[in-house]
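If you want the building blocks of each chain, they are given just below.
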Amino acid sequence: MGKQNELGVTPMSEDVSAWYNELVFKAELADRGPAKGTMVIRPYGYRIWELLQAQLDQRFKDTGHENAYFPLFIPQSYLQREAEHVEGFAPELAVVTHGGGKELEEPLVVRPTSETVIGEMYHRWISSYRDLPVLINAWNNVVRWELRPRIFLRTTEFLWQEGHTAHADEAEAMEETLRMFDVYAEFAENVAAIPMVKGEKTPGERFAGAKRTFTIEGLMRDGKALQSGTSHYLGTNFAEAFDITYQDRENQLRHVHTTSWGMSTRMIGAVILAHGDDQGLVLPPRLAPVQVAIVPIGRGEQAEAVRDKADELREKLTAQGIRVQVDDRDTSPGFRFNDLELKGVPLRVELGPRDLEAGQVLVAQRVGEVDERGRAVKETIGVDAFVAGVQERLDAYHDLLVARARAYRDEHSATADDLATFTEQVKVGFSYALHCGQPGCEDEIKAATAATPRCIPSDGAPEEGPCVRCGEPSTYGTRVAFARAY
RNA sequence: CGGGAUGUAGCGCAGCUUGGUUAGCGCGCCUCGUUCGGGACGAGGAGGUCGCCGGUUCGAAUCCGGCCAUCCCGACCA
């Protein structure tokens, strides 16, 4: 571990990597599992996942999708049916060779993603244009063998959702691909408070087996980009590999066009790295397990009255659908203040003997105005007024986090027209540059600067010119967003 | 798999160079008491096959050999 401050966590400003690792444990989000690359998601972290799941799942339902479950074990031969798909996943597969004490006739792959099993099932389920579209999502765990694991960001086993849809033609499938791409970007901003750079992956960064891949890329506070959700148009690649066909109105046999899209527990890592600070986590209110923490202060005779008042306030807030916790741990108030800040609780309400008679509370916001010692400026407010305005306050806090993250991103984004400028920019964030599109040139850039093309921004202004590295004509019609990435 | 480092209590570390009482320290944990508006204090207490295996020695956390694991840096990835 690095140099820890009085909170027991290396300050983010000093070493983001050490800060991240220590904070994940200290805030009780997760722990390492016994097997390398595995993680245990602890209740506080899992609650964030549940809140994320619920809100994302609602968006899937609103766009017409249904949930289903597909098996963990996939016959090895299935992976091999789609050439690029096998090639892409081969290095990170976990393979089961024995079962029931005997060697298996055919090894089973632990799913790294479910395109192949689902392809097989869609082959069985689809025969007519009347069966289309098929709009299914699955919440599950997948395994991709990792050489350098990091909790939430890159673990051998992780949780996610994978949507898999089948459509009659390319237009409809592309529409679906882009619809879910939009859902992810909207979700990231409106729930996780992270404004994303939206765009398409270059061929070299595309999903194994996809025709087109769309990604949302967040900027973390160490200047690295994090791919946070992807949506793929798979064309007829899997339909051909798994013989997924339907008869259209003219009695013609056609291949379906499929899509797939996913968001994972990595998103929790994005929340930590996009919002956190030296004091610890900063959780966006819509993902915060505890939105308001009430800290009763006082001992002896007053304690009971304070405690009653805290319970009363808790009930009023709960009645409004707010996630509240009375923090009556037997520690000093100062300890609890710091600990609640470490855990990223958006609003802290302090309630002591002084406030009782006045019918008021002190409210401290996790991110906001601070005094000269760097501590939150506390607002004195009447209990009823606080209760009446709490939802509004949380919404405003969400907006503040979005604005803060957007400002940070914009301050750490710039265009570059020569490799020297590019190399400097990529050390702090996104560098927008023209590129020739040659895979070999991407590799050269990566070798020289550690940066990779994150995406071709969807909203990029049209622009042509020489490639930032090799000078050949640019290909994408707009600047490419490059960054170092997780 | 290549390069670097580290394994001593739950966490962070000292002790090893120069072998020798009962292996220490801080934090955390437990008990009792006092405390409570920005990480309180006192007293008492629990917790260790010193990563594993072997060797040297009267004696090994310490010296030697092998192995294992983890972490960091590179090639792959949501």
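In the block above lies the structure referred to throughout.
No experiment lies behind these values; they were computed from the predicted model shown. (Residues numbered from 1 in each chain as written. Chains lettered and ligands numbered in written order. Predicted model: local features only at pLDDT ≥ 70, side-chain atom pairs only at ≥ 80, totals over all residues. Heavy atoms only, no water.)

Give me the lowdown on the overall build of chain A, citing residues and values where you can.
Summing up its helical and strand segments, chain A has 14 helices and 23 strands in all. Whereas a compact globule of 486 residues would reach a radius of gyration of roughly 23 Å, chain A reaches 25 Å, a difference of no more than 12%. Principal axes of the C-alpha set define a box for chain A whose edges measure 80 × 55 × 50 Å. Taking all 486 residues of chain A together, the buried fraction comes to 54%. Considering only contacts within chain A whose residues lie at least 6 apart along the sequence, 69% involve residues at least 24 apart. In the structure as shown, chain A presents an accessible area of about 21,400 Å², 48% of it carried by carbon and sulfur atoms. Averaging the positions of the 54 positive and the 75 negative side-chain charges in chain A gives two centres separated by 3 Å. (Helix = DSSP H or I, 4+ residues; strand = E, 2+ residues; numbered from the N terminus. Rg over C-alpha atoms; globule rule 2.2 N^0.38 Å. Buried < 20%, exposed > 50% of the residue type's maximum accessible area, 1.4 Å probe, protein only. Contact = heavy atoms within 4.5 Å. Areas by Shrake-Rupley, 256 points an atom, 1.4 Å probe, with all protein chains shown as cover. Lys, Arg positive; Asp, Glu negative; His and termini not counted. Charge placed at Lys NZ, Arg CZ, Asp CG, Glu CD.)

Hey, could you go over the sheet that holds strand β6 (residues 102-110) for me, with residue numbers and the actual values?
What holds strands together in a sheet is hydrogen bonding between their backbones, with the strands either parallel or antiparallel. Taken together, the three strands give an open sheet; going across it, the order is β4-β6-β5, and neighbouring strands pair in antiparallel fashion. Every other strand in the sheet has two partners, leaving β4 (73-75) and β5 (94-99) as the edge strands with one partner each. Across the sheet, the mean angle separating the axes of adjacent strands is 45 degrees when strand polarity is ignored. Inspection of the sheet shows β5 paired to β6 by five bridges, in the antiparallel sense. Bridge assignment links Val96 to a residue of β6, and that residue is Leu108. (Pairing = 2+ DSSP bridges. Axes fitted to C-alpha atoms, helices over the stretch in contact; angles between N-to-C directions.)

Which residues make up the packing of aromatic side chains, and what are the values?
With the rule as written, the count across this model stands at eleven aromatic pairs. Where Phe60 meets Trp139, the ring centres are 6.3 Å apart and the plane angle is 35 degrees; that geometry is what we call tilted. On the criterion of sequence distance, the pair formed by Phe60 in helix α2 (residues 43-62) and Trp139 in strand β7 (residues 134-143) is long-range, its members being 79 residues apart. Given the relative accessible area of 17%, Trp139 is considered buried. Across from the ring centre of Tyr78, 4.4 Å away, lies the NZ or CZ of Arg81, which sits over that ring. The ring centre of Tyr408 lies 4.6 Å from the NZ or CZ of Arg221, which sits over that ring. (Phe/Tyr/Trp six-rings, centres within 6.5 Å; stacked < 30°, edge-to-face > 60°. Lys NZ or Arg CZ within 6 Å of the ring centre and 35° of its normal.)

Give me the lowdown on the pattern of salt bridges, citing residues and values where you can.
Opposite charge on two side chains allows them to pair when their charged atoms are near. Here the structure, examined in full by the defined rule, presents 34 salt bridges. The residue Glu50 makes a salt bridge to Arg47 at a minimum N-O spacing of 3.2 Å. In this pair, Glu50 and Arg47 are both assigned in helix α2, three residues apart and thus about one turn of the helix distant. Since its relative accessible area comes to 34%, Glu50 is described here as partly exposed. The exposure class assigned to Arg47 is partly exposed, which follows from its relative accessible area of 33%. Taken together, the shared-partner salt bridges connect Arg307, Asp311, Arg314, Glu315 and Asp328 into one network. (Salt bridge = Lys/Arg side-chain N within 4 Å of Asp/Glu carboxyl O.)

Could you give me a rundown of the protein's contact with RNA strand B, with the residues and numbers involved?
Close contacts around RNA strand B come from 43 residues, with Arg148, Arg299, Ser332, Phe335 and Arg348 the closest. Close to the protein, within 4 Å, the atoms of RNA strand B are drawn from sugar and phosphate at a rate of 40%. Between a sugar or linking oxygen of RNA strand B and a side-chain N or O atom of Gln227, the distance comes to 2.6 Å. Between Arg336 and RNA strand B, the recorded distance is 3.4 Å, taken from a side-chain N or O atom to a base oxygen. For the surface near RNA strand B, the elements supplying multiple residues, two or more each, are α10 (333-342), β17 (347-351) and α11 (353-358). The element best represented in the surface near RNA strand B is α10, accounting for seven residues. (Near = heavy atom within 4 Å. Polar contact = N/O pair within 3.5 Å; in protein donor to acceptor, adjacent residues only side chain to side chain.)

Hey, could you go over empty space enclosed by the protein for me, with residue numbers and the actual values?
Evaluated as defined, the whole model comprises four cavities of 30 Å³ or more. Looking at the largest cavity, its volume works out to about 70 Å³. Lining the largest cavity we find Glu115, Ile118, Gly119, Tyr122, His164, Thr165, Leu234, Phe238, Ile244, Thr258 and Thr259. Of the residues forming the lining of the largest cavity, the biggest block, four residues, is contributed by helix α5 (residues 115-125). Lining the second largest cavity we find Ile194, Pro195, Leu219, Arg221, Ala274, Ala405, Tyr408 and Arg409. If one sorts the elements of the lining of the second largest cavity by residue count, helix α12 (residues 383-411) sits on top with three residues. (1 Å grid on protein atoms, 1.4 Å probe; cavity = no way out; pocket = protein on both sides within 12 Å on 5 of 7 lines; lining within 4 Å. Points joined across faces, edges and corners; volume = space filled by probe spheres on them.)

Explain the side chain of Asn140 residue by residue, including any values.
Mapping Asn140 onto the fold places it in strand β7. We classify Asn140 as buried; its relative accessible area is 7%. Engagement of the side chain of Asn140 in a polar contact is seen with the side chain of Trp160, the distance being 2.7 Å. A distance of 2.9 Å separates the side chain of Asn140 from the side chain of Glu162, its partner in a polar contact. Ignoring any residue separated from it by four or fewer positions in sequence, one finds Asn140 in contact with Tyr69, Arg111, Ser114, Phe158, Leu159, Trp160 and Glu162.

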